[in-house]
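Geometric and topological summary
Here's the letter readout for the chains.
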Amino acid sequence: MSEVSLQHIEKVYPHSGKKKSNLKVTDEGVLAVQDFNLNIRDREFIVLVGPSGCGKSTTLRMVAGLEEITRGELYIDGKLVNDVEPKDRDIAMVFQSYALYPHMTVRGNMEFPLKLRKMPKEEIERRVNQAAEILGITEYLDRKPKALSGGQRQRVAIGRAIVREPKILLMDEPLSNLDAKLRNQMRAEIIKLRQRINTTFLYVTHDQTEAMTLGDRIVIMKDGVIQQIGTPQEVFDHPSNLFVAGFIGVPQMNFYDAELALDRDGRYVVHMENVQIIPSEEKQERLRSAGATSQSITLGVRPEHIALLGDGDNMFHGVVEVTEMMGSVVHLHVNACGRDSIIVAQTANLEGPTPVTVKVGNTISFIFGGNVIHLFSKETGRNLEYSEHA
Ligand SMILES: Nc1ncnc2c1ncn2[C@@H]1O[C@H](COP(=O)(O)OP(=O)(O)OP(=O)(O)O)[C@@H](O)[C@H]1O
Ligand SMILES: [Mg+2]
């Protein structure tokens, strides 16, 4: 069992004087993490994600005990651990820089934390061999780190963490030193690892793809404040605000100015240019429960949810400025509705024009359905499907 509960956790750093970040500042200092609340379930894989400086590492380091908690309570398996020494928290951590001992072999590196704990020799050997096997590094056990590739070194660093069979495995951007191909490979390795060891994971990254593919739940942070906690599907389908909407998903969501209105039957209708879009039943329901009123909105639509069509009524028109052939899809950069939009069109588009024939300078027509639109308050950026006080 290893549940972790963070309750109203805050981190205040002393004023440093110089930098002008968006973090809240009080007389006390700079609030790097604000009122952080999260209950991590046993064996859950939680990913903290957000831009540089948003407080991810600070949060992780507070869980590890490497950073003092300014306010709030941290519980591990129901026990308050704010003042428990890092070594007594039963936690292991993997960093971006592998931090391996260069003069020791792979085996030596992996044995090290266990020898420190004075574990019997046979048990050390069993655990090291098992971890090496899980991570596919058995054949490198007698090599020194300098004779390994970046990906292999990171496996050793992970191996050194898991031989301790920690209750919680903390990882701070473990893959960001690797090139793109290796990173994809290691991401898959971590998914496999997760299936083979009974550990709770808390994983930090600034990469939304890593967050989406690894996390059971994702915690999206900005300026020290949690923006949303949810499964990858939840944050993708129902982003809580403009920030989350723009942060999750590649290419980025398109945003337009629009108006939300209620028609005579009490049904929500979105007006944009001369086009009218009716939110789906699910969206109607969510907007209604959240008490959304008629107002100017920012409308969000993901590039892959835009349908390219032949010319017709009740659709948008724009001029293609750039086309990027990606293989199975084409990214079309289109100037439409007074701004640049990106459309991801399947090259095997069945209904409209075949996107591969679309050329720069062409005028194209497109539309999107009421099930794929996201409605944000123009004033606050909040998704109108969520009530103000949620
Ligand atoms: N020891 C410190 N003293 C003062 N401020 C600090 C200290 N450590 C971090 N900070 C500030 O706290 C904020 C959060 O830092 P943190 O390292 O947690 O961000 P992060 O989300 O991990 O960013 P990155 O993606 O760049 O690693 C930043 O503004 C940083 O400058
Ligand atoms: Mg960091």
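Just above sits the structure.
Description of the structure in this document. The structure presented is a predicted model; accordingly, all values stated were derived computationally and were not measured.

Turning to the overall build of the protein, a few remarks are in order. Within the protein, the secondary structure is distributed over nine helices and 21 strands. Overall, the protein is about 75 × 50 × 40 Å in size when its C-alpha atoms are taken along their principal axes. For the protein, buried positions account for 51% of its 390 residues. Accessible surface, the protein as shown: approximately 18,900 Å² in total, 48% of it carbon and sulfur.

Our next topic: the site of ligand 1. Not every one of the 13 residues close to ligand 1 is listed here, only the nearest: S52, G53, K56, S57 and T58. Residue Y13 places a side-chain N or O atom 3.3 Å away from a nitrogen atom belonging to ligand 1. Between ligand 1 and the protein, one listed contact pairs an oxygen atom with a side-chain N or O atom of S52 at 2.6 Å. Taken by itself ligand 1 offers 640 Å² of open surface, and the protein chains cover 66% of this. Per-element accounting of the shell around ligand 1 gives the leading share, three residues, to helix 1 (residues 56-64). Residues belonging to the shell around ligand 1 are distributed by class as follows: five nonpolar, five polar and three charged.

Now for the sheet that holds strand 16 (residues 307-309). Reading across the sheet, the five strands line up as 16-20-17-18-19 and stay open at both edges, with antiparallel pairing between neighbours. Among the strands making up the open sheet, the edge pair consists of strand 16 and strand 19 (339-346). In this sheet, neighbouring strand axes are inclined to one another by 50° on average, regardless of whether the strands run parallel or antiparallel. Of the strand pairs in this sheet, strand 18 (residues 329-336) and strand 19 are connected by eight bridges, and their pairing is antiparallel. Considered in strand 19, the bridge of L332 is made with I343.

Moving on, we come to unusual backbone geometry. At the junction of V250 and P251, the peptide bond is cis and its omega measures out at -10° in the coordinates. The phi torsion at K118 lies on the positive side, around 60°, for a residue other than glycine. By relative accessible area, which is 73% here, K118 ends up exposed. Of note, E165 is a non-glycine position whose phi angle comes to about 45°, a positive value.

Here helix 4 (residues 150-162) is 13 residues long and its end C-alpha atoms lie 18 Å apart, about the 18 Å a rise of 1.5 Å per residue gives. In terms of residue burial, helix 4 counts as a mostly covered element, since 11 of its 13 residues are buried. Among all positions of helix 4, only G151, Q152, Q154, R155, V156, A157, I158, G159, R160, A161 and I162 are buried. Residues of helix 4 that are buried sit in contact with strand 7 (91-94), helix 2 (106-116), helix 3 (121-135), strand 8 (168-172) and helix 5 (180-196).

So, on to the sheet that holds strand 1 (residues 4-13). The five strands lie next to each other as 2-3-1-5-6, forming an open sheet whose pairing is antiparallel. Each end of this open sheet is capped by a strand with a single partner; those strands are strand 2 (24-26) and strand 6 (79-80). Sitting on the sheet, helix 1 touches strand 1, strand 3 (29-40) and strand 5 (71-76), and the angle it makes with strand 1 is about 120°.

A few words on the pairing of strand 15 (residues 295-301). Both faces of the sheet carry side chains from a regular strand, because those side chains alternate between them. In terms of burial, strand 15 is a largely internal element, five of the seven residues being buried. The sheet contact formed by strand 12 (residues 254-262) and strand 15 spans seven bridges and is antiparallel. Pairing of D257 across the sheet is with T298, part of strand 15. Bridge count for strand 15 against strand 21 (residues 373-377) is five bridges, and the pairing is antiparallel. If you follow L299 over to strand 21, its bridge partner there is L375.

We now examine the packing of helix 2 against helix 3. Running from N to C, helix 2 and helix 3 cross one another at 135°; their axes reach a closest spacing of 10 Å. The orientation of helix 2 relative to helix 3 falls into the category oblique. Handedness of the crossing formed by helix 2 with helix 3: right-handed. When helix 2 is examined against helix 3, the residues R107, M110, E111, L114 and K115 are found in contact with a partner set consisting of I124, E125, R127, V128, N129, A131 and A132.

Turning our eyes to something else, we now look at the packing of aromatic side chains. Centre distance and the angle of the planes are the two values used to describe a pair of aromatic rings. Inspection of every chain in the model, using the stated rule, returns eight aromatic pairs. Both rings, one in F45 and one in F201, keep their centres 4.7 Å apart while their planes meet at 10°; by these two values the pair is stacked. Highlighted residues: F45 in strand 4 (residues 45-49) and F201 in strand 9 (residues 200-205), separated in sequence by 156 residues. The pair formed by F45 and F201 is uniform in burial state, with each residue classed as buried. Between F255 and F376, the aromatic rings sit 6.1 Å apart at their centres with planes inclined by 70°, giving edge-to-face as the arrangement. With a gap of 121 residues between them, F255 in strand 12 and F376 in strand 21 connect regions that are remote in the sequence. An identical accessibility class is assigned to F255 and F376; each is buried. Among the aromatic residues, ring-to-ring pairing joins Y256, F316, F366 and F368 into one connected group. Stacked on the ring of Y386, the Lys or Arg R286 has its end atom at 5.5 Å from the ring centre. The ring centre of F236 lies 3.9 Å from the NZ or CZ of R302, which sits over that ring.

Parameters at a glance
Residues numbered from 1 in each chain as written. Chains lettered and ligands numbered in written order. Predicted model: local features only at pLDDT ≥ 70, side-chain atom pairs only at ≥ 80, totals over all residues. Heavy atoms only, no water. Helix = DSSP H or I, 4+ residues; strand = E, 2+ residues; numbered from the N terminus. Buried < 20%, exposed > 50% of the residue type's maximum accessible area, 1.4 Å probe, protein only. Areas by Shrake-Rupley, 256 points an atom, 1.4 Å probe, with all protein chains shown as cover. Near = heavy atom within 4 Å. Polar contact = N/O pair within 3.5 Å; in protein donor to acceptor, adjacent residues only side chain to side chain. Nonpolar A, V, L, I, M, F, W, Y, C, P; charged D, E, K, R; others polar. Pairing = 2+ DSSP bridges. Axes fitted to C-alpha atoms, helices over the stretch in contact; angles between N-to-C directions. Expected span 1.5 Å × (residues − 1). Contact = heavy atoms within 4.5 Å. Parallel < 35°, antiparallel > 145°, perpendicular 65-115°, else oblique. Left-handed = near helix turned anticlockwise from the far one by under 90°. Phe/Tyr/Trp six-rings, centres within 6.5 Å; stacked < 30°, edge-to-face > 60°. Lys NZ or Arg CZ within 6 Å of the ring centre and 35° of its normal.

Everything listed here is a matter of coordinates, which is why it stays silent on function.
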